[in-house]
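So the chains spell out like this:
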Amino acid sequence: MKKNVPKLRFPEFDGEWDVKRLGEFSEWASGGTPSKENPNYWNGDISWISASSMRGMKYSKSENKITDEGLKNGSRIAIKGTLLILVRGSMLFNTIPIGITLNDVAFNQDVKSITIDEKQNTLYVLYWFYAHENIILNMVTGTGIGAGKLELSDLKSLNLTLPSLPEQTKIANFLTAVDDKISQLKKKKELLEQYKKGVMQQIFCQKLWFKDDNGADFEEWEEKRLGEILIEHKTKNSKKKVEEVFSVAKAKGVVNQIEHLGRSYASEDTSNYKVVFPNDVVYTKSPTSDFPFGIIKQNKLERTGIVSVLYGVFSPVNKNIGLLLDYYFSSWQNTYNYLNPLVQKGAKNTMNISNETFLSGAEISLPTSELEQAKIANFLNAVNDKINHCGQEIVGMERWKKGLLQMMFV
């Protein structure tokens, strides 16, 4: 039985893979930070990579830039095609930031550059790191000040399994194509989200109009207070068995808190919790650092559940009004403009918004025709479906890539 052979391999290659220590075919260098007290060293044209810049696997730009003078007095250049790895920082307890430079960049002292010799493929080495991230994470130790660190000697001693250079190149090119597809999907999702945001602004500013089924204009929109279109209900939980406990997540709307946070309610008294029905509108009465001015979301899960007394629960006069409010308040500016004047300071600087205050806030311009409400809601739902489908494709591709990394490397 052959050793050091991956589970998944391109058919034109065979034979066992070699094993070499990383330090045998790489050169390492440390970066640095020019003095921040000298303005001549900063705000130049050279991107300066630090932990905050190390997102993803390609490094080319950063918010912080240094000058040629700053480079000569405290930093170092990593030329295009060099690997950069973070060796000190709190991020190391969760992930190993490593990537390849797309152009010449400078880097700080918490980062090491790795130059791979010409007998190996640099991208293959990079993907090897991604495939073996768990091994690297186990090498992280604490610094005593809350940060993690990787010892250079440990990294250089890593045993890498290395096929021939042509096979390395084939693997690297294939995985690069997978990453390119993921990047394209992420860009598509980003553009759809921008489109949705722009369309919603046009709709709610009444610059984009829908027509009725005969091509005629709908009647004028009316200014409404939430108290005119929402009905508060305080139905208390009567079930002893807890199945659906909802909360409002900033990016996800109304979610099942047990699934979202992994929290157990087995021994908790939820008899004072309020029942939430499908299409209900829920908002945070006690804003926190996550929701500084509260947030309004609709229960679109089509399931009945309960929420704690920290939330207000309302039934909209119809489903589409609930959807329109959900879309309207998906704009943080709209949420801020509506809720900020209603926030009341409580004891110990806590913030509260009572249900009465919430319902009597500023008027919102909304369509009066239920047909127009439905047309707008259906249109925005269709855009949302495309965004969600794109997100599912991204998750699927990333899961597939993870599986490939496990099978294509030893």
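No experiment lies behind these values; they were computed from the predicted model shown.

Chemist: Which residues make up the overall build of the chain, and what are the values?
Modeler: If you tally the helices and strands in the chain, you get eleven helices and 26 strands. Taken against the 2.2 N^0.38 rule, which gives 22 Å for 410 residues, the C-alpha radius of gyration of the chain at 28 Å runs more than 25% over that of a compact globule. Counting all 410 residues of the chain, 46% fall into the buried class. Summarising the internal contacts of the chain: among those between residues at least 6 apart in sequence, 74% fall at separations of at least 24. A total of about 22000 Å² of accessible surface is found on the chain, and carbon and sulfur atoms cover 49% of it. The chain carries 52 positive and 48 negative side-chain charges, and their two centres are separated by 4 Å.

Chemist: Explain the pattern of salt bridges residue by residue, including any values.
Modeler: Think of it this way: side chains of opposite charge can pair up when their charged atoms draw near. Here the structure, examined in full by the defined rule, presents 15 salt bridges. Taking the shortest distance from any N to any O, the salt bridge between K211 and D217 comes out at 2.4 Å. Note on K211: relative accessible area 41%, which makes it partly exposed. Residue class for D217 comes out exposed when judged on its relative accessible area of 56%.

Chemist: Kindly report on the environment of N381, identifying the contributing residues and their values.
Modeler: Of note, N381 is situated in helix α11 (residues 370–408). Separated by 198 residues in sequence, N381 and S183 have C-alpha atoms that sit 24 Å apart. For N381, the contacting residues outside a window of four places in its chain are L323 and Y327.

Chemist: Tell me what's going on with the sheet that holds strand β8 (residues 88–89), and back it up with residues and numbers.
Modeler: Strands pair in a sheet through their backbones, by hydrogen bonds, and they do so in one of two ways: parallel or antiparallel. Spatial strand order, β8-β13-β12: three strands in an open sheet with antiparallel pairing. Looking along the sheet, the strands with just one partner apiece sit at the ends: β8 and β12 (141–142). In terms of strand pairing, β8 meets strand β13 (residues 148–149) through two bridges, oriented antiparallel. Looking at β13, one finds that G89 is bridged to G148.

Chemist: If you had to explain empty space enclosed by the protein to someone new, which residues and values would you point to?
Modeler: Applying the stated criterion across every chain, the model contains one cavity of 30 Å³ or more. Class assignment of the residues belonging to the lining of the largest cavity gives a composition of four nonpolar, no polar and one charged.

Chemist: Go over the environment of A131 with me, naming the residues and quoting the values.
Modeler: Turning to its location among the elements, A131 is positioned in helix α2 (residues 122–131). A relative accessible area of 26% means that A131 is categorised as partly exposed. Each C-alpha atom, one on A131 and one on V282, is 42 Å from the other, the two residues being 151 residues apart in sequence. A131 has contacts with L405 and F409, leaving out every residue within four places of it along the chain.

Chemist: Describe helix α9 (residues 332–339), and please don't skip the residues or the numbers.
Modeler: Listed as buried for α9 are N334, T335, Y338 and L339. Seen from one end, α9 has its buried residues packed into an arc of 110°, which puts them on one side. Elements that come into contact with the buried residues of α9 comprise α6 (226–229), β21 (296–298), α8 (319–328), α10 (355–359) and β26 (364–366).

Chemist: Can you lay out the nonpolar core for me, pointing to particular residues and giving the numbers?
Modeler: Nonpolar side chains in soluble globular proteins tend to be buried together. Ranked by size, the top nonpolar core spans 51 residues in total, and within it I85, F129, L150 and L155 carry the most contacts. Listing elements by their share of this core, those giving two or more residues are β7 (83–86), β9 (98–101), β10 (105–107), β11 (111–116), α2, β14 (159–162), α5 (165–204) and α11. Setting aside chain neighbours within four positions, we find L155 in contact with L22, W28, I85, V87, F129, I136, M139 and L150. If you look at the next biggest cluster of nonpolar residues, it comprises 31 residues, including V281, I353, I364 and I376.

Chemist: Any details on the pairing of strand β17 (residues 246–249)? Residues and values, ideally.
Modeler: Going residue by residue along β17, you find F246 and V248 tucked away on one face and S247 and A249 tucked away on the opposite face as well. Direction of pairing for β17 relative to strand β18 (residues 253–256): antiparallel, over a ladder of four bridges. Note that in β18 the partner of F246 across the bridge is N256. Count of turn residues in the β17/β18 antiparallel hairpin: three residues.

Chemist: Please set out the packing of α8 against α11 residue by residue, giving values where relevant.
Modeler: At their nearest, the axes of α8 and α11 sit 9 Å apart, and the two run at 50° to each other. One finds that α8 runs oblique with respect to α11. In the packing of α8 onto α11, the handedness of the crossing is left-handed. Contact residues: α8 offers N320, I321, L323, L324 and Y327, while α11 offers E370, Q373, A374, I376, A377, L380, N381 and N384. In terms of residue class, the contact of α8 with α11 is made up of eight nonpolar, four polar and one charged.

Chemist: Can you lay out the packing of aromatic side chains for me, pointing to particular residues and giving the numbers?
Modeler: For the coordinates displayed, the defined rule picks out 15 aromatic pairs. Considering the side-chain rings of W209 and W221, the 6.4 Å spacing of their centres and the 65° angle between planes classify their relative orientation as edge-to-face. Of the two residues, W209 sits in the loop between α5 and β15 (222–224) while W221 sits in the loop between α5 and β15, which places them twelve residues apart along the sequence. The exposure class of W221 is buried, given its relative accessible area of 10%. Seen in terms of ring centroids, Y328 and F329 are 5.0 Å apart; in terms of plane orientation they differ by 90°. Their pairing is edge-to-face. Grouping residues by exposure puts Y328 and F329 together as buried.

What counts and what doesn't
- Residues numbered from 1 in each chain as written.
- Predicted model: local features only at pLDDT ≥ 70, side-chain atom pairs only at ≥ 80, totals over all residues.
- Heavy atoms only, no water.
- Helix = DSSP H or I, 4+ residues; strand = E, 2+ residues; numbered from the N terminus.
- Rg over C-alpha atoms; globule rule 2.2 N^0.38 Å.
- Buried < 20%, exposed > 50% of the residue type's maximum accessible area, 1.4 Å probe, protein only.
- Contact = heavy atoms within 4.5 Å.
- Areas by Shrake-Rupley, 256 points an atom, 1.4 Å probe, with all protein chains shown as cover.
- Lys, Arg positive; Asp, Glu negative; His and termini not counted.
- Charge placed at Lys NZ, Arg CZ, Asp CG, Glu CD.
- Salt bridge = Lys/Arg side-chain N within 4 Å of Asp/Glu carboxyl O.
- Pairing = 2+ DSSP bridges.
- 1 Å grid on protein atoms, 1.4 Å probe; cavity = no way out; pocket = protein on both sides within 12 Å on 5 of 7 lines; lining within 4 Å.
- Points joined across faces, edges and corners; volume = space filled by probe spheres on them.
- Nonpolar A, V, L, I, M, F, W, Y, C, P; charged D, E, K, R; others polar.
- Arc of directions from axis to C-beta.
- Core = buried A, V, L, I, M, F, W, Y, C linked by side-chain atoms within 4.5 Å.
- Axes fitted to C-alpha atoms, helices over the stretch in contact; angles between N-to-C directions.
- Parallel < 35°, antiparallel > 145°, perpendicular 65-115°, else oblique.
- Left-handed = near helix turned anticlockwise from the far one by under 90°.
- Phe/Tyr/Trp six-rings, centres within 6.5 Å; stacked < 30°, edge-to-face > 60°.

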